[in-house]
Amino acid sequence: MLVLTRKVNQSIMIGDDIEVVVLEVRGEQVRLGIKAPRNVTVHRREIYDAIQKENLMSAQTQPEDVPEAPPKAGSVKSAS
Amino acid sequence: MELETTRFGTIKVEEDDIITFPEGLVGLSRYKRFVLIPHGGDSPFCWLQSVDEPSFALFVIDPWFFRPDYEVVLSDSEAERLQMTEDTLKAVFVTVTIPPGQPELMTANLLAPLVLNLSTRRGRQVILDDERYQTRHPILEEMVRHASAQEVA
């Protein structure tokens, strides 16, 4: 991994058209600004990871675990 | 064409049935072509079966089936990527996970819906910028409540 030291308001370029600016450093938190072309998606890593995990879990769902159509009000009432 | 699948055996699909996700799914860019297979009967669920990988099928549902107030707000760049305008015929699905043997713990990923442009048959998994939605939203209760509301109506 490339490691660079930057100060507030300094930035790095990734390729020709992606710029990451350090906007603010406050204690343990760093605010970053990202300038990128519209076709580049930028997401927090933990959200990306959570979605990837859900996609994999969804694909592991087994047809035999799928419930029949959900119980309807009528059927619940008649059972009581 | 005939499509081999792990869950459904060999199924017949038309080229026109194929929905292409040009960038794949979030974190799974290798799966790009899918067909939608209804779970069957009265079930609101469907499977998005990969055309390229027989064993890969996402379990999905139309989110409005249990969340009539669900909102998908696409950014301009997302709409552009999907070549969508307000008039475009579209469909939205969310992935559903059932832990093995525990359907009562079923959850849906409301944060990252699959948005389909039905005219171009292209799709994209969009990450919403909306704090109301999460990746593991329990849905069974809402499904029952919604079904009851429909029954009453």
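How each quantity is defined
Residues numbered from 1 in each chain as written. Chains lettered and ligands numbered in written order. Predicted model: local features only at pLDDT ≥ 70, side-chain atom pairs only at ≥ 80, totals over all residues. Heavy atoms only, no water. Helix = DSSP H or I, 4+ residues; strand = E, 2+ residues; numbered from the N terminus. Buried < 20%, exposed > 50% of the residue type's maximum accessible area, 1.4 Å probe, protein only. Rg over C-alpha atoms; globule rule 2.2 N^0.38 Å. Contact = heavy atoms within 4.5 Å. Buried area = accessible area lost by both parts, 1.4 Å probe. Salt bridge = Lys/Arg side-chain N within 4 Å of Asp/Glu carboxyl O. Polar contact = N/O pair within 3.5 Å; in protein donor to acceptor, adjacent residues only side chain to side chain. Nonpolar A, V, L, I, M, F, W, Y, C, P; charged D, E, K, R; others polar. pLDDT = per-residue confidence, 0-100. Pairing = 2+ DSSP bridges. Axes fitted to C-alpha atoms, helices over the stretch in contact; angles between N-to-C directions. Core = buried A, V, L, I, M, F, W, Y, C linked by side-chain atoms within 4.5 Å.

Draft legend 1. Region of interest: the overall build of chain A. Per the secondary structure count, chain A includes two helices and three strands. The order of helices and strands in chain A, counted from the N terminus, is β-β-β-α-α. By residue count, 19% of the 80 residues in chain A fall in the buried class.

Draft legend 2. Structural context of the overall build of chain B. Helix and strand counts for chain B stand at two helices and 11 strands. Order of helices (α) and strands (β) in chain B, N terminus to C terminus: β-β-β-β-β-β-α-β-β-β-β-β-α. On C-alpha atoms alone, chain B measures out to a radius of gyration of 16 Å, which is about the 15 Å that the 2.2 N^0.38 rule sets for 153 residues. Burial status across chain B gives 51% buried among its 153 residues. Sequence separation of at least 24 residues holds for 54% of the intrachain contacts in chain B that already meet a minimum separation of 6.

Draft legend 3. View of the interface of chain A and chain B. With 29 residues of chain A at the contact, the number on the chain B side is 41 residues. Across the chain A to chain B interface the summed buried area is about 3,000 Å²; carbon plus sulfur atoms make up 63%. Among the residues chain A hides against chain B, the three largest losses belong to R38, E54 and N55 of chain A. Together they make up 20% of the total. Taken together, the links from chain A to chain B amount to two salt bridges. When the shortest N-O distance is used, the salt bridge between E80 of chain B and R38 of chain A registers 2.6 Å. Applying the counting rule to chain A against chain B returns 13 residue pairs in polar contact (both at pLDDT 80 or more). Where the side of chain A that touches chain B is concerned, the elements lending two or more residues are α1 (45-58) and α2 (73-79) of chain A. Take the side of chain A that touches chain B: its biggest share by element is 10 residues, from α1 of chain A. For the side of chain A that touches chain B, the class distribution of residues is 15 nonpolar, 10 polar and four charged.

Draft legend 4. Highlighting the confidence of the model for chain A. For chain A, the average pLDDT comes to 87, and 85% of its residues sit at 70 or higher. Low confidence marks residues 73-80 of chain A, where pLDDT is under 50. Its contacts with residues over four positions away, or in another chain, come to four contacts.

Draft legend 5. Main features of the sheet that holds strand β3 (residues 29-35) of chain A. Residues and elements named next belong to chain A. Taken together, the three strands give an open sheet; going across it, the order is β1-β2-β3, and neighbouring strands pair in antiparallel fashion. Here the strands that pair on one side only, and so sit at the sheet edges, are β1 (11-14) and β3. This sheet shows a mean twist of 25 degrees between the axes of neighbouring strands, independent of strand direction. Here β1 pairs with strand β2 (residues 18-26) via four bridges, running antiparallel. By the bridge assignment, I12 is partnered in β2 with V20.

Draft legend 6. Main features of the nonpolar core. Residues and elements named next belong to chain B. Counting residues in hydrophobic clusters, the biggest one holds 35 residues, and the most contacted among them are F45, F66 and V96. Elements supplying a minimum of two residues to this core: β4 (33-38), β5 (45-50), β6 (57-61) and β7 (90-97). With residues near it in sequence (within four places) discarded, F66 still touches I61, V94, A108, L110, H137, I139, E142, M143 and H146. Among the nonpolar cores identified, the runner-up in size contains 16 residues, and L28, V60, A91 and L114 belong to it.

Draft legend 7. Highlighting the environment of H39 of chain B. Position of H39 of chain B among the secondary structure elements: in the loop between β4 and β5. Given a relative accessible area of 26%, H39 of chain B falls into the partly exposed group. The spatial distance from the C-alpha of H39 of chain B to the C-alpha of A108 of chain B is 16 Å, given a sequence separation of 69 residues. If we ignore the near neighbours within four places in the chain, the residues touching H39 of chain B are P63 and V66 of chain A together with F45, C46 and W47 of chain B.

Draft legend 8. Unusual backbone geometry, seen in detail. Positive phi outside glycine occurs at N9 of chain A, with the angle close to 75 degrees. Here N9 of chain A shows up in the segment before β1. Using a relative accessible area of 60% as the deciding quantity, one classes N9 of chain A as exposed. You will see that R121 of chain B, though not glycine, has its phi angle at about 55 degrees, which is positive. When you line up the elements, R121 of chain B lands in the loop between β9 (114-117) and β10 (122-125). Among the residues examined, R121 of chain B registers a relative accessible area of 28% and is labelled partly exposed.

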